[in-house]
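In case you want the letters, here they are:
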Amino acid sequence: MARIAYVNGRYVSIDTPAVAIEDRGYQFADGIYEVCKVVRGRFCDLERHLDRLERSLDAMGMPMPMSRRALALVMEETWRRNALPDAVIYLQVSRGTAPRNHAFGASMRPSLVVTVRAAKFPSGAELEKGVGVISLPDERWANCHIKSISLLPNILAKQQAAKAGCREAWLLDEQGRVTEGSSSNAWIVDGEGRLVTRPLGREILGGITRSVVIELAKRDGIEVVERAFTLEEAKAAREAFLTSTTSLVLPVTAIDGTPVANGHPGSVTRRLAELYAEAEGMATAA
Ligand code: PMP
């Protein structure tokens, strides 16, 4: 079945050329996006995703392309037309279309694209074994809390990770501390069994999975410390993992080729993966 996309008021086949050449998203990466998942027909954490979308738009000085309610309906309808019970919904808002010029006018009409694809969550084997990450300097801009479509440093970092046979690149600030992954948040479990992840700020994207996992951990009696950690700390940690909407809670068992602890997923990570899978209505990972 052909995949269907929503583009500025129309439902079209995904391969239809439907975006203007002078769309500022295409010309300048002047836009933001959101990614959320649908599990067994249920949109996961939709309100949190829409909250973050509004925050990103606000930070860019862009209006909502339509009301929140209408946006949710468009997402649902695009999902329905693709007939995929487990799906990933991608929503992109650009500032709009205008003759190419860096500066933009005050009354631009944002352009909205919604696409849907089959969800490809980590396999049971990946969750069992964990994944490797490499470290790279964080070469991104100073506003990483905005979910901008301008992802050049992220994709180049991910490509290097893939070339090294790794799942993700953990990015390092100038002090050698991990900010986050190229498309996920980074976590360790310290020697006292505390969960450690970088605090919210301009250096990271506030992951929706991150916020859900913090709540689940606290409810389960696991202490959470939001502070930056160094690459050395991560390599010496008891456990490490990454989180994102599509990677879920994924154990990291090697960093730059160094095994984390005994090289197997740890018990806190497994527990959180299980709690997260339950909370999102997915079959448990185990
Ligand atoms: N950081 C970055 C840079 C990301 O691209 C993502 C994935 N969108 C995340 C963190 C994780 O965010 P979420 O849990 O909302 O998917």
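Residues numbered from 1 in each chain as written. Predicted model: local features only at pLDDT ≥ 70, side-chain atom pairs only at ≥ 80, totals over all residues. Heavy atoms only, no water.

The name given to the chain in an unreviewed UniProt entry is Probable branched-chain-amino-acid aminotransferase, with Marinimicrococcus flavescens as the source organism. Recorded under Function (unreviewed entry), the UniProt text for the chain is reproduced unchanged: "Acts on leucine, isoleucine and valine." Per UniProt, the chain has the following entry under Sequence similarities (unreviewed entry): "Belongs to the class-IV pyridoxal-phosphate-dependent aminotransferase family." (UniProt positions renumbered as here; feature names shortened; annotations may be inferred.)

Undergrad: A description of the pairing of strand E2 (residues 10–13) should follow, citing residues and the corresponding values.
TA: Inspection of the sheet shows strand E1 (residues 4–7) paired to E2 by four bridges, in the antiparallel sense. Along E2, the bridge assignment pairs Tyr 6 with Tyr 11. Count of turn residues in the E1/E2 antiparallel hairpin: two residues, of which Asn 8 carries a positive phi of about 45 degrees. (Pairing = 2+ DSSP bridges. Helix = DSSP H or I, 4+ residues; strand = E, 2+ residues; numbered from the N terminus.)

Undergrad: Residues and numbers for the side chain of Glu 280, please.
TA: With respect to the helices and strands, the residue Glu 280 is situated in the segment after helix H8 (267–279). Beyond its immediate stretch of four places on either side in the chain, Glu 280 contacts Lys 37, Val 39, Arg 42, Cys 44, Asp 45 and Val 212. (Contact = heavy atoms within 4.5 Å.)

Undergrad: How would you explain the domain arrangement of the chain if you had to name every residue and give the values?
TA: Each assigned domain of the chain is listed here: domain 1 (4–118) and domain 2 (124–279). Each of domain 1 and domain 2 has a C-alpha centre, and the two are 27 Å apart. At the junction of the two partners, domain 1 supplies 21 residues and domain 2 supplies 18 residues. Interface area for domain 1 against domain 2, summed over the two sides, is near 1,600 Å², with a carbon-plus-sulfur share of 61%. Its largest share of buried area at the contact with domain 2, domain 1 owes to Tyr 33, Arg 48 and Arg 52, together 39% of the area lost on that side. Counting every contact that joins domain 1 to domain 2 gives one salt bridge. Of the charged contacts in the structure, one is a salt bridge between Arg 48 and Glu 215, with a shortest N-O distance of 3.0 Å. For the pair domain 1 and domain 2, the interface holds eight residue pairs in polar contact (both at pLDDT 80 or more). Of all the secondary structure elements, the ones that give two or more residues to the side of domain 1 that touches domain 2 are strand E3 (31–39), helix H2 (46–60) and strand E5 (87–94). (Domains from an automatic or database assignment. Buried area = accessible area lost by both parts, 1.4 Å probe. Salt bridge = Lys/Arg side-chain N within 4 Å of Asp/Glu carboxyl O. Polar contact = N/O pair within 3.5 Å; in protein donor to acceptor, adjacent residues only side chain to side chain.)

Undergrad: Explain H8 to me, and be specific about the residues and the numbers.
TA: With 13 residues, H8 extends 18 Å between its outermost C-alpha atoms, agreeing within 8% with the 18 Å of an ideal straight helix rising 1.5 Å per residue. In this structure, the buried side of H8 is in contact with E3, strand E10 (185–189), strand E11 (195–197), helix H6 (208–219), strand E13 (239–244) and strand E14 (248–255). (Expected span 1.5 Å × (residues − 1).)

Undergrad: Quick one: what's the story with the environment of Ser 244, residue by residue and with numbers?
TA: Relative to the assigned elements, Ser 244 resides in strand E13. Residue class for Ser 244 comes out buried when judged on its relative accessible area of 10%. In this structure the C-alpha to C-alpha distance between Ser 244 and Val 19, which are 225 residues apart in sequence, comes to 28 Å. Those residues in contact with Ser 244, other than ones at most four positions away along the chain, are Ser 183, Ser 184 and Thr 209. (Buried < 20%, exposed > 50% of the residue type's maximum accessible area, 1.4 Å probe, protein only.)

Undergrad: Pulling in residues and values, what's your account of the sheet that holds E1?
TA: Read from one edge of the open sheet, six strands run E2-E1-E6-E5-E3-E4, paired in antiparallel fashion. Every interior strand has two partners, whereas the edge strands, E2 and strand E4 (42–43), have only one. H2 rests against E3, E4 and E5 of the sheet, and its axis sits at about 175 degrees to E3. (Axes fitted to C-alpha atoms, helices over the stretch in contact; angles between N-to-C directions.)

Undergrad: So what's going on with the site of the ligand? Which residues, and what values?
TA: In the vicinity of the ligand there are 18 residues, among which Lys 147, Glu 180, Ile 208, Thr 209 and Thr 245 approach most closely. Burial of the ligand by the protein amounts to 93% of the accessible area it has alone, namely 380 Å². Taken together, the elements giving at least two residues each to the shell around the ligand come down to strand E9 (178–181), H6 and E13. The residue makeup of the shell around the ligand, split by class, is three nonpolar, eleven polar and four charged. (Near = heavy atom within 4 Å. Areas by Shrake-Rupley, 256 points an atom, 1.4 Å probe, with all protein chains shown as cover. Nonpolar A, V, L, I, M, F, W, Y, C, P; charged D, E, K, R; others polar.)

Undergrad: Can you explain the pairing of strand E7 (residues 131–137)? Please cite residues and give values.
TA: Looking along a regular strand, one sees side chains alternate from face to face of the sheet. Of all seven residues in E7, six are buried, a share of seventy percent or more. Sheet topology places E7 next to E14; three bridges connect them, and they run parallel. Along E14, the bridge assignment pairs Val 131 with Val 252. Pairing analysis gives five bridges linking E7 to strand E8 (residues 168–172), with the strands arranged parallel. Bridge pairing in E8 places Val 133 opposite Glu 168. Considered for its hand, the β-α-β crossover made up of E7, helix H5 (residues 152–163) and E8 is right-handed. (Right-handed = clockwise from strand over helix to strand, strands pointing away.)

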